[in-house]
Amino acid sequence: MRILSRFLILLSVLLIGLAAHAQEIRVAAAADLKFALDELGTQYEKQSGKKIAVIYGSSGNFFAQIQNGAPFDLFLSADIEYPRKLEAAGLAEPGTVYEYAVGRIVIWMPPDARADLARLGWKALLQPGVERIAIANPEHAPYGRAAVAALRKAGVYEQVRKRLVYGENIAQAAQFVAAGTAQAGIVALSLAVSPPMRDGNVGKSPRTRIPRLSKPRSS
């Protein structure tokens, strides 16, 4: 609750200027933020009387949309390089790129998984019963790129790469494994501890520098 309160204060400060000029604040947010941001958004609306419209997706797709003029007021990215590039191109308000958290990825398996994730760690993904491993699409999702990097570092990428199935974003990857479409997933810790997934098995949690925030420049 303390972390949520701090984030609410930060969000309120960042939005105060926007709220003076708009009845609805439009936010593009990395999909791993859904459960925290839904709660924070509700609190902010109650306190400020302003509406927040949040769209969740992959940071790479939002980056492309903002480049093409998508009308977002805030961009909560899972990779700080996207906001930096927008600021460098004059597409974000100068000085608004702010790092507010360090994200983590974890291996997640359902509660009835046969692989001993606690004992095997990354090698649990090599077990015969693990036919599909869900990750976010590394072409445009920072959590997907982090997953591939972690698999390579663990020395198992070549063995599992043909088993990988890609979600459009990290939330969809988590849905794949939660629904049983995949037997394992490499997902954001924030999703692994959310109500739909908190009863599953969670493995190692390497640190990866995600997510970030910026304020796109108004057109």
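Here, residues in each chain are numbered from 1, in the same order as that chain's written sequence. Given that this is a predicted model, residues contribute local features only at a pLDDT of at least 70 and side-chain atom pairs are listed and counted only at 80 or more, while totals for whole chains, interfaces and linings are drawn from all residues. Each side-chain value is worked out from all heavy atoms of the structure, with water and hydrogens disregarded.

**With respect to the confidence of the model for the protein**
Here is step 1 of the chain: Mean pLDDT for the protein: 84, with 83% of residues reaching 70 or above.
Here is step 2 of the chain: Looking at any residue, its pLDDT shows the predictor's confidence there, from 0 to 100. Only heavy atoms enter the contact rule, under which two residues are in contact if any of them lie within 4.5 Å. Ignoring residues within four places in sequence, the model shows residues 209-213, a span with pLDDT below 50, making 36 contacts including any to other chains.

**Some points on empty space enclosed by the protein**
Taking a probe equal in size to a water molecule and rolling it over the atoms shows the remaining empty space.
Here is step 1 of the chain: Grid spacing is 1 Å over the protein atoms alone, the probe is 1.4 Å, and a cavity is where that probe fits but cannot get out, while a pocket is an open set with protein on both sides within 12 Å along at least five of seven lines and lining residues have an atom within 4 Å of a point. Grid points are joined across faces, edges and corners, and a volume is the space filled by probe spheres set on the points. Tallied over the entire structure, the rule returns two cavities of 30 Å³ or more.
Here is step 2 of the chain: By volume, the largest cavity is sized at about 50 Å³.
Here is step 3 of the chain: Every residue along the wall of the largest cavity is listed here: Ala30, Ala31, Asp32, Gly57, Ser58, Ser59, Ala78, Ala141, Pro142, Tyr143, Asn169 and Ile170.
Here is step 4 of the chain: Ten residue types, Ala, Val, Leu, Ile, Met, Phe, Trp, Tyr, Cys and Pro, are classed as nonpolar, four, Asp, Glu, Lys and Arg, as charged, and the remainder, Gly among them, as polar. Looking at the lining of the largest cavity, its residues break down into seven nonpolar, four polar and one charged.

**Thoughts on the nonpolar core**
Here is step 1 of the chain: Residues belong to one nonpolar core when they are buried, are Ala, Val, Leu, Ile, Met, Phe, Trp, Tyr or Cys, and are joined through side-chain atoms within 4.5 Å. Working definition: with a 1.4 Å probe on protein chains only, accessible area under 20% of the residue-type maximum means buried, over 50% means exposed, and in between means partly exposed. Counting residues in hydrophobic clusters, the biggest one holds 42 residues, and the most contacted among them are Met109, Leu125, Ile133, Leu151, Ile170 and Ile186.
Here is step 2 of the chain: Elements are defined by DSSP. Helices are runs of H or I of four residues or more, strands are runs of E of two residues or more, and each kind is numbered from the N terminus. Looking at this core, the elements that each hand over two or more residues are strand S5 (103-109), strand S6 (133-136), helix H6 (142-154), helix H7 (157-160), helix H8 (170-178), strand S8 (184-188) and helix H9 (189-192).
Here is step 3 of the chain: Of the residues forming this core, the biggest block, six residues, is contributed by H6.
Here is step 4 of the chain: Ile170 has contacts with Ala31, Asp32, Ala136, Tyr143, Ile186, Val187, Ala188 and Leu191, leaving out every residue within four places of it along the chain.
Here is step 5 of the chain: Grouped together as the second largest cluster of nonpolar side chains are 11 residues, Val27, Leu37, Ile52 and Leu76 included.

**Examining the pairing of S8**
Here is step 1 of the chain: The buried fraction of S8 amounts to five of the five residues, a majority that puts the element mostly inside the structure.
Here is step 2 of the chain: As paired strands, S6 and S8 are joined by two bridges and run parallel to one another. Bridging across to S8, Ile133 finds its partner in Ala184. Strand pairing is defined by DSSP finding a minimum of two bridges between the two strands.

**Some points on the packing of aromatic side chains**
Here is step 1 of the chain: Only rings of Phe, Tyr and Trp enter the pairing, Trp through its six-membered ring, and a pair is recorded when the two centres are within 6.5 Å. The plane angle decides the type: under 30 degrees is stacked, over 60 is edge-to-face, the rest tilted. Considering all chains together, one arrives at three aromatic pairs under this definition.
Here is step 2 of the chain: Measuring from ring centre to ring centre gives 6.3 Å for Phe62 and Phe75, while their planes differ by 75 degrees; the resulting arrangement is edge-to-face. Of the two residues, Phe62 is situated in helix H3 (residues 59-67) and Phe75 in strand S3 (residues 74-77); the sequence distance between them amounts to 13 residues. Neither Phe62 nor Phe75 differs from the other in exposure class; each is buried.
Here is step 3 of the chain: Through successive ring pairs, a cluster of aromatic residues spans Phe62, Phe72 and Phe75.
Here is step 4 of the chain: To sit over a ring, a charge needs its Lys NZ or Arg CZ within 6 Å of the ring centre and within 35 degrees of the ring normal. One cation-aromatic arrangement involves Arg152 over Tyr157; the distance from NZ or CZ to the ring centre is 4.2 Å.

**Focus: helix H4 (residues 81-88)**
Here is step 1 of the chain: Every buried residue of H4 is accounted for by Tyr82, Pro83 and Leu86. Down the axis of H4, the buried side of the element spans an arc of 95 degrees, and every buried residue falls inside it. The directions considered for the arc are those from the helix axis to the C-beta atoms.

**Focus: the pairing of S6**
Here is step 1 of the chain: The two faces of S6 match: Ile133 and Ile135 on one face and Ala134 and Ala136 on the other face are all buried.
Here is step 2 of the chain: Note that S6 and strand S7 (residues 164-167) share four bridges and pair parallel. Each residue of the ladder has a partner; that of Ile135, found in S7, is Tyr166.

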